[in-house]
Amino acid sequence: MKIQCPSPTCDQSISGPKSALGQRVRCSRCDRSFIWADRFYSGESFIIYDLETTGLSPQNDEFIQIAAVKFNSGCLCPTDSFFSFARPRRRISSFIESYTGIENRDVTDSPRPEQVLCDFAAWSDDATLIAHNAKRFDSKFLEATCQRHGLPSREVDAIDSIGISKMLFGKTRGTGHSLDHVKNRLRLQETTLRRHDARGDVDILGRAIQVMHQRLELDNAFNGVPRHTTRLPIV
Ligand SMILES: [Zn+2]
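Residues numbered from 1 in each chain as written. Predicted model: local features only at pLDDT ≥ 70, side-chain atom pairs only at ≥ 80, totals over all residues. Heavy atoms only, no water.

Q: Explain the sheet that holds strand β5 (residues 45-53) to me, please; I cannot follow it from the model alone.
A: Two modes of strand pairing occur in sheets, parallel and antiparallel, and in both the strands are linked by backbone hydrogen bonds. Read from one edge to the other, the open sheet built from 6 strands follows the order β7-β6-β5-β8-β9-β10, with strand pairing classed as mixed. In the strand order of this sheet, the two ends are held by β7 (75-85) and β10 (227-233), each with one partner. Pairwise comparison of adjacent strand axes, ignoring direction, gives a mean angle of 35 degrees for this sheet. As defined by bridge partners, β5 adjoins strand β6 (residues 63-72) across 9 bridges and the pair is classed as antiparallel. Across the sheet, the residue bridging to Leu51 is Ile66, located in β6. (Pairing = 2+ DSSP bridges. Helix = DSSP H or I, 4+ residues; strand = E, 2+ residues; numbered from the N terminus. Axes fitted to C-alpha atoms, helices over the stretch in contact; angles between N-to-C directions.)

This is the structure:
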């Protein structure tokens, strides 16, 4: 396959095998180093987020909490954050109450998930969304929430941070990529924020992404990291 050098001032065409996807290469004309990808992006605005839900099924369950923080131009912006509880249609089970620490009484006065999602969409603007296990979980909950409530929606670029972990730690079988695996490998300290509460998980994930971004020497658009799409309401 052939790609154009991603440097805006260079028009070198570079060819290489498809197996080089994800590998770091260097342009022979402008000397820019970049990760071999089939497409290059220019946006530098990202949102790192986490959902807690009533269960595992995007079709049958709803999210009950969302926490998010912005990551712009390669830096975490801890002061630019979003947080809300959401009130689901079904009761939060005692299992989920003890796993997340989120109890039914915490959400009594909260808006419905679809309302929270509209607020989140307005806050997120045109950012690309990043979540851990997004491809199989969080992105699907966002889509399902739009769909179930008939919300007019737009396609949004998304990154699964498991993909970033695989780029850094490798894809060898048995290499775990759960948030706990990543946290331990990067030796990140836990704070007093509770894990499995979206705020605690986003705190860990935000710092993990910052460190992985540095170690992989990614550019500000996360070029080279696999992407998928999800949907957010048009607000
Ligand atoms: Zn070049």
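Q: Where do I start with the layout of surface pockets in this structure?
A: A probe matching the size of a water molecule, rolled over the atoms, marks out where space remains unfilled. The space that makes up the largest pocket amounts to roughly 660 Å³. Residue lining of the largest pocket: 24 residues in total, with Gly163, Lys171, Gly224, Val225 and Pro226 positioned closest to the centre. The dominant element in the lining of the largest pocket, judged by the number of residues it contributes, is helix α5 (residues 161-169), at 4 residues. Of the residues contributing to the lining of the largest pocket, the split by class is 8 nonpolar, 8 polar and 8 charged. Domain assignment of the residues forming the lining of the largest pocket places at least three in each of domain 1 (2-35) and domain 2 (45-233). There is about 530 Å³ of room inside the second largest pocket. Along its surface, the second largest pocket is lined by 22 residues, and Glu52, Tyr99, Phe137, His196 and Asp201 are the ones closest to its centre. Residues of the lining of the second largest pocket, tallied by class, amount to 9 nonpolar, 7 polar and 6 charged. (1 Å grid on protein atoms, 1.4 Å probe; cavity = no way out; pocket = protein on both sides within 12 Å on 5 of 7 lines; lining within 4 Å. Points joined across faces, edges and corners; volume = space filled by probe spheres on them. Nonpolar A, V, L, I, M, F, W, Y, C, P; charged D, E, K, R; others polar. Domains from an automatic or database assignment.)

Q: Would you explain the coordination of the zinc ion in this entry?
A: Note on metal geometry: ideal angles are 109.5 degrees for four donors arranged tetrahedrally and 90 or 180 degrees for six donors arranged octahedrally. The protein atoms donating to the zinc ion are Cys5 (SG), Cys10 (SG), Cys27 (SG) and Cys30 (SG), with metal-donor distances spanning 2.2 to 2.4 Å. Taken together, the 4 donor atoms coordinating the zinc ion span angles of 101 to 115 degrees at the metal, a pattern that classifies the geometry as tetrahedral. Among the residues examined, Cys5 registers a relative accessible area of 4% and is labelled buried. (Donors = N, O, S within 2.8 Å, 3.2 Å for Na, K, Ca; no water. Tetrahedral: all angles 85-135°; square planar, octahedral: opposite > 155°, others 65-115°. Buried < 20%, exposed > 50% of the residue type's maximum accessible area, 1.4 Å probe, protein only.)

Q: Quick question: what am I supposed to make of the packing of α5 against helix α7 (residues 198-215) here?
A: Packed helices, taken two at a time, are described by the angle their axes make and the gap between the axes. At a minimum axis distance of 10 Å, the contact between α5 and α7 shows a crossing angle of 40 degrees. With respect to α7, the axis of α5 lies oblique. Viewed along their axes, α5 and α7 form a crossing whose handedness is left-handed. On α7, the residues that touch Ser161, Ile164, Ser165, Leu168 and Phe169 of α5 are Leu205, Ile209, Met212 and Arg215. Taken together, the residues of the contact of α5 with α7 sort by class into 6 nonpolar, 2 polar and 1 charged. (Parallel < 35°, antiparallel > 145°, perpendicular 65-115°, else oblique. Left-handed = near helix turned anticlockwise from the far one by under 90°. Contact = heavy atoms within 4.5 Å.)

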